[in-house]
Amino acid sequence: MADPAPAPARPRKPGLRAKVAFLSAPGSYPEKPAAVEVVQTHMSYVFLTDRHAYKLKKPVRYDFLDFSTLEARRADCEEELRLNRRLARDVYLDIVPLVSVRDGGLALGGDGEVVDWLVKMRRLPARLMLERAIRDGNVYRDDVRRCALALADFFRRS
């Protein structure tokens, strides 16, 4: 009697390096940007397209956070979206699954096994970022006052 045929090997889930490589390529996005700028922090990668920013949380664990599982990263993406929409509804747009497709490749959204989650945001103009505005001398007393009043009102209502 012949030995039974071995079970087909399960495709390996893509690692962080494969995910970053895919998300760094302009052709990976529905909007087909001209380029993708990648910004890395200790806990995430942010992929900046022409119109959007996509945040991929690294599978890390620190004393103050745990992104070590797919479920933990999904839950944190949902919580980030929920919390930040309170002050920036038009910036924090959605959470998007990164899926493994039949041919072994990756896709943003669509059918396939979810291998990670991303927070999708509207990309804001660099010239309007607080750090740059301060450096360029474009922050004025009225700007600080309006911001402080908006935050005070938000916290009063919370």
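Residues numbered from 1 in each chain as written. Predicted model: local features only at pLDDT ≥ 70, side-chain atom pairs only at ≥ 80, totals over all residues. Heavy atoms only, no water.

**Q** Help me get a handle on the nonpolar core, residues and values and all.
**A** With 15 residues, the main nonpolar core has Leu 23, Tyr 29, Phe 47, Leu 98, Leu 108 and Leu 118 as its most contacted residues. Of all the elements in the fold, those that place two or more residues in this core are helix H1 (16-23), strand S2 (44-48), strand S3 (52-57), strand S6 (92-100), strand S7 (106-108) and strand S8 (113-122). At three residues, H1 tops the list of elements feeding residues into this core. Ignoring any residue separated from it by four or fewer positions in sequence, one finds Phe 47 in contact with Val 20, Leu 23, Ser 24, Tyr 29, Val 36, Glu 37, Val 38, His 52, Ala 53, Tyr 54 and Leu 56. (Core = buried A, V, L, I, M, F, W, Y, C linked by side-chain atoms within 4.5 Å. Buried < 20%, exposed > 50% of the residue type's maximum accessible area, 1.4 Å probe, protein only. Helix = DSSP H or I, 4+ residues; strand = E, 2+ residues; numbered from the N terminus. Contact = heavy atoms within 4.5 Å.)

**Q** If you had to explain the layout of surface pockets to someone new, which residues and values would you point to?
**A** Taken as a whole, the largest pocket spans an internal volume of roughly 660 Å³. In terms of lining, the largest pocket is formed by 15 residues, of which the most central are Leu 124, Leu 128, Met 129, Leu 130 and Cys 147. Elements with a contribution of two residues or more to the lining of the largest pocket: helix H2 (70-88), helix H3 (130-135) and helix H4 (141-157). In terms of residue count, the dominant contributor to the lining of the largest pocket is H4 (four residues). Class assignment for the residues of the lining of the largest pocket results in 12 nonpolar, one polar and two charged. Of the pockets and cavities examined, the second largest pocket occupies roughly 310 Å³. (1 Å grid on protein atoms, 1.4 Å probe; cavity = no way out; pocket = protein on both sides within 12 Å on 5 of 7 lines; lining within 4 Å. Points joined across faces, edges and corners; volume = space filled by probe spheres on them. Nonpolar A, V, L, I, M, F, W, Y, C, P; charged D, E, K, R; others polar.)

**Q** Describe in detail the environment of Val 20, supporting the description with residues and values.
**A** Along the polypeptide, Val 20 turns up in helix H1. A relative accessible area of 14% means that Val 20 is categorised as buried. Taking the C-alpha atoms as reference points, Val 20 and Phe 47, separated by 27 residues in sequence, lie 8.9 Å from one another. In contact with Val 20, not counting residues within four places along its chain, are Tyr 45, Phe 47 and Leu 56.

**Q** How would you summarise a nonpolar patch on the surface if you had to cite specific residues and measurements?
**A** Judged by side-chain polarity, Leu 87, Leu 151 and Phe 155 come together as a nonpolar surface patch covering roughly 310 Å² of accessible area. For Leu 151, the location among the structural elements is in helix H4. (Patch = residues over 30% accessible without salt bridge, like charges linked within 9 Å, V, L, I, M, F, W, Y side chains within 5 Å. Areas by Shrake-Rupley, 256 points an atom, 1.4 Å probe, with all protein chains shown as cover. Salt bridge = Lys/Arg side-chain N within 4 Å of Asp/Glu carboxyl O.)

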